[in-house]
Amino acid sequence: MNRTGLLNKLWEFQNKFGYISESAIAQIAQKLNVSKIEIEGVVSFYHFFHKQPTGKYIIYLNNSIVSEFKGFQQIKAAFEKETGCTFGCSDVNQLFSLFETSCIGLSDQEPAALINFYPFTNLTPEKVKTIIQQLKNGNSLGFISSNPTSKIQYIPADDKTIFFRKYDMGISLKKLKNHTPDAILNLISAVKLEGCGGAFFPTAKKWKSCKESKSAKKYIICNADEGEPGTFKDKSLLNNLPGLMLEGMIVAAYVSGATNGFIYLRAEYKYLLDKIENTLREFQENNLLGNDILGIPKFNFNIQIQLGAGAYVCGEESALIESLEGKRGEARIKKYFPTEYGYLGYSTIVNNVETFAKAARIIELGTPFISTIGTNESKGTKVLSISGDVAKPGIYEIEWGMTVKELLHLCQATSPYFVQISGPSGICINNTEFDRKICKEDLICGGSIMVFNNFRSITKILENYTKFFKEESCGVCTPCRAGNQILHEKIKKIKKGICTAQDLEEIKEWGQIIKLTSRCGLGQFSANTLVMALDKFEGYFNQKIIKANENLNVEFDMEAAVYNYDSLIKDTQAP
Amino acid sequence: MKTSSFKIDGRVCTAEKGLNLIEAAKQNGVFIPTLCHFKYLNPLGTCRVCTVKLNGKAVAGCTIHVADDMDLEVNTTELLDSRKAILEMMFVEGNHFCPSCEKSGDCQMQNLGYETGIKYTRFPHLFIDRITDARPKRIVVNQNRCIKCKRCIEEVKTFDGYKVFNSINKGSETMVSVDYEQESKLSELQAAHAMQICPTGSILVKGKSFSKPFGDRQFDAVIEEKIMSLNPVKKHRGHVKKKIVATTSLAGCFGCHMSMLDIDLGIIDLFEVIEFNKSPITDIKNFSKHCDIGLVEGGCCNTHNIEVLREFRKNCDILISVGECAIWGGLPAMRNTFPLEECLKESYLDSMTSEENETIIPNHEDIPKILNNVYANHEIVKIDHHIPGCPPDANHIWNVVKNILFQEEYSIAHPKYKYD
């Protein structure tokens, strides 16, 4: 066993015993010749690994903002009532353990939970009661779980669809023979393919850098760890078109000369594992993976799947690589690109599921076709996951350049007010901006769109986001780790109704500091929405703030400050 | 050796190509503060204090290796302020009680606080309960003081190459933990090394921490002028109307007042230009006049403190927090990491001296209520100035007051800063 196999080893223990015990940690540490604290550091980093015994059924209830608005609190209470245990603990019979978790990629079917990684969607208190009863009766999880498939609500008309069209295995790979690696780079740069995970880094540039690298080994990594709350578009691609994604990876391998590939699949999508493994097997059987692929001499490429273990930050490419290496998923310092120094120090291409799928379609459909779709800077289509206050949540494949208004019309949004583009680390827009176009020239979108109507509390939305970042920061750099805790304190102040105009100014200033000094994208964008919302929903916040007494200048919640003392006296001393 | 030529804040500098920017800047006379950087290590880039701009983009300075034509910004207003802000974040995230810290005076973080001129933190203190772990054989790890810089994780290893420290958990729960088994293998020298490389007082060697006497502290410069010169005060005599000053001690120890009195006979001269109103010095209990300046020692731990403080705000044009307690709670705020209930039970119900069945938590309409936390004064009312120190030096206090009252130039130099 070597270090790179650590995550799998830990999963073995977690699955077998329900937790990773001290002795298990000692055993692994001894095998790897490292100190125990190193293994413990890894175990405690991922929230699906437990150091305390868990029940037979581990229930993870999603606490993302969409879930919160769709009844998270009631469902939470229902689970506690039915199982007889509280969140964060297990019940006395060691049958159930309850935990909250961040977005599990089922935002279109909230409230949703994972029970031993089987999905349960559209939960109601009654449904929870039935589920728990069935589990107590010993029904099998596979039998009673929900179908997590997200509905594809829309694809472009007039044969402009790129992703969700007919797919035959090997359709793009068969064209590889006629192209040199350079020709393929030209194709994908001609249609300006950029990373669809949200960073929009030019794919051709990345692949070229890996191709030109003198690295002894090269790796292709598919980032299937979409953890941005409200995003589930990669899930629909993995579910509907796993082969297309594999083809993209194989194309990347062909271009760069990589011989090994990984799919870093988030544990929340464990139910897709069989499907992807089957597709991999089919590919191997058809000589699309393995040695001398498609008869091209020395074109050898193999893919293996690595299951994540619950860490949002592992969607950041360098953190993902660290995680693959069996370490804590901490973002690396931005000194090298992964194509210069990646997995185990070798040149590595990391791309998102959608990017690989799109690359395969570009080879298959050709650049003239793709170029006619979309805008000048964003060519082709984009897969979006839409959730929130809309009648038709689900997957939308839209042509780049569609306006927000058209999109809101398509998904039948009811009095949309606050629209979150690209998840909490993206941007928010108000109703004056609904004419903006979704494309690189105007409003870029990584794949998540959450729509909130004017009955929703903006403070609640922002509090949920900040709490999310506070918990999901990797904890390495000061501004992200401490800064998000501090911002959370400010939001508490808004909630309490003792927030002044100066507090809002400070949020903006502090957000700017966090943005400037954080180590990776997580921190840099963590305060984005919060700061932006203060300006875009000025009217809302103006109502929230109070004018402090000019002389005192600071608002102080005296009642809250003496509450503890008063209640202690009341509890301990008879009147 | 190849040299590179690059620009720092517009000035052309040269250094060996590939040299770490922190070192390269130092060679060119530019100081870039940092806490995690340690020249024998690979850059960690964790503390972010050294954030600079490279060709317009913000990067941690310790992760830059100088090359030709780099255009670096180091000391712009924005960067200086963010540097200060990050340090302030560290102060509020942990529980840094300098007066009770063994490393005070030898602490790199404290020194940087002085260097960047932190008088108070713009952020609210978080007061999270953290453990002090004395279980290791040779060392004590105090989580209250840890800034998670990772120096110890990278640098402290046993002879056979095992890590002794590592981060555990993530997000706001992240902390640096010790491997007891490996720690017990450390030699005395290795343990001392761990203590040395820690930029704060988080790692201490058992039995060693107090061996260095107070006063012999590497980051404390000697303050030259011991007694305030009186001439500057005298010159105001008769020229201007006497200024009125009020002072009070809230949740403090009167130490700051003692320090004020340390100007000795100077106070007689002071009386010629200022007049005290409500103050323990005059024993005037209530404001009889509107005051020019109010000096407040101590933070707010009960409702009475808040009343007094609000009264001071109303009656004083300029309000100054004097000393650590007034600025952020100080030592009384040590209780902020515990629930109030525990504190009160410990002192009134379960204490060694409390008599059985006779115990009660004091409670009467005439006595003030205890607040759930000790609050900094600026959380209650607007505070115009802060004078750090525990207590601040007498000269420091009076120089600030003088400066404000008579609009004289006075800048607080680095050696005058004290958090303990």
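Residues numbered from 1 in each chain as written. Chains lettered and ligands numbered in written order. Predicted model: local features only at pLDDT ≥ 70, side-chain atom pairs only at ≥ 80, totals over all residues.

Observations concerning the domain arrangement of chain A
All names here are of chain A. The domains assigned to chain A are domain 1 (3–45), domain 2 (57–144), domain 3 (154–371), domain 4 (381–453) and domain 5 (459–544). With centres defined by C-alpha atoms, the gap from domain 2 to domain 3 works out at 33 Å. At the junction of the two partners, domain 2 supplies 15 residues and domain 3 supplies 14 residues. Of the residues that constitute the side of domain 2 that touches domain 3, the class distribution is nine nonpolar, five polar and one charged. (Domains from an automatic or database assignment. Contact = placed C-beta atoms within 7 Å. Nonpolar A, V, L, I, M, F, W, Y, C, P; charged D, E, K, R; others polar.)

Regarding the pairing of strand E12 (residues 416–421) of chain A
Residues and elements named next belong to chain A. In terms of residue burial, E12 counts as a mostly covered element, since five of its six residues are buried. Direction of pairing for E12 relative to strand E14 (residues 448–453): antiparallel, over a ladder of five bridges. Looking at E14, one finds that Val419 is bridged to Val451. Bridge count between E12 and strand E13 (residues 427–429): three bridges; the pairing is antiparallel. From the neighbouring strand, Val419 faces E13, where its bridge partner is Ile429. (Buried ≥ 20, exposed ≤ 12 C-beta atoms within 10 Å, placed from the backbone. Helix = DSSP H or I, 4+ residues; strand = E, 2+ residues; numbered from the N terminus. Pairing = 2+ DSSP bridges.)

Some remarks on the domain arrangement of chain B
A common way to report how large an interface is uses the accessible area buried once the components associate. Residues and elements named next belong to chain B. Partitioning chain B into domains gives domain 1 (3–75), domain 2 (94–205) and domain 3 (231–416). Computed from C-alpha atoms alone, the centre-to-centre distance between domain 2 and domain 3 is 32 Å. Opposite the 14 residues of domain 2 that make contact, domain 3 presents 16 residues.

Observations concerning the nonpolar core
In this structure, Ile221, Cys222, Met245, Met249, Ile250, Val251 and Ala252 of chain A are the most contacted members of the largest nonpolar core, which totals 202 residues. In terms of residue count, helix H11 (residues 242–256) of chain A provides more of this core than any other element does, ten residues in total. When near neighbours in sequence (up to four residues on either side) are disregarded, Ile221 of chain A contacts Gly261, Phe262, Tyr264, Leu320, Tyr343, Thr348, Ile349 and Val350 of chain A. In terms of nonpolar packing, the next biggest core, distinct from the first, is built from 47 residues, Tyr120, Ala326, Ile380 and Val381 of chain B among them. (Core = buried A, V, L, I, M, F, W, Y, C linked by C-beta atoms within 7 Å.)

Digging into the interface of chain A and chain B
With 49 residues of chain A at the contact, the number on the chain B side is 57 residues. Of all the elements in the fold, those that place two or more residues in the side of chain A that touches chain B are helix H3 (36–45), helix H17 (458–472), helix H18 (478–496), helix H19 (501–517) and helix H23 (558–572) of chain A. Partitioned by chemical class, the residues of the side of chain A that touches chain B number 23 nonpolar, 14 polar and twelve charged.

Points about unusual backbone geometry
Residues and elements named next belong to chain A. Cis rather than trans, the peptide bond between Glu110 and Pro111 has omega equal to -10 degrees. Along the chain, Pro111 falls in the loop between strand E2 (96–101) and strand E3 (113–115). Phi at Lys192 takes a positive value of approximately 50 degrees, unusual for a residue other than glycine. On the basis of neighbour counts, which here come to 20 C-beta atoms within 10 Å, the residue Lys192 falls in the buried class.

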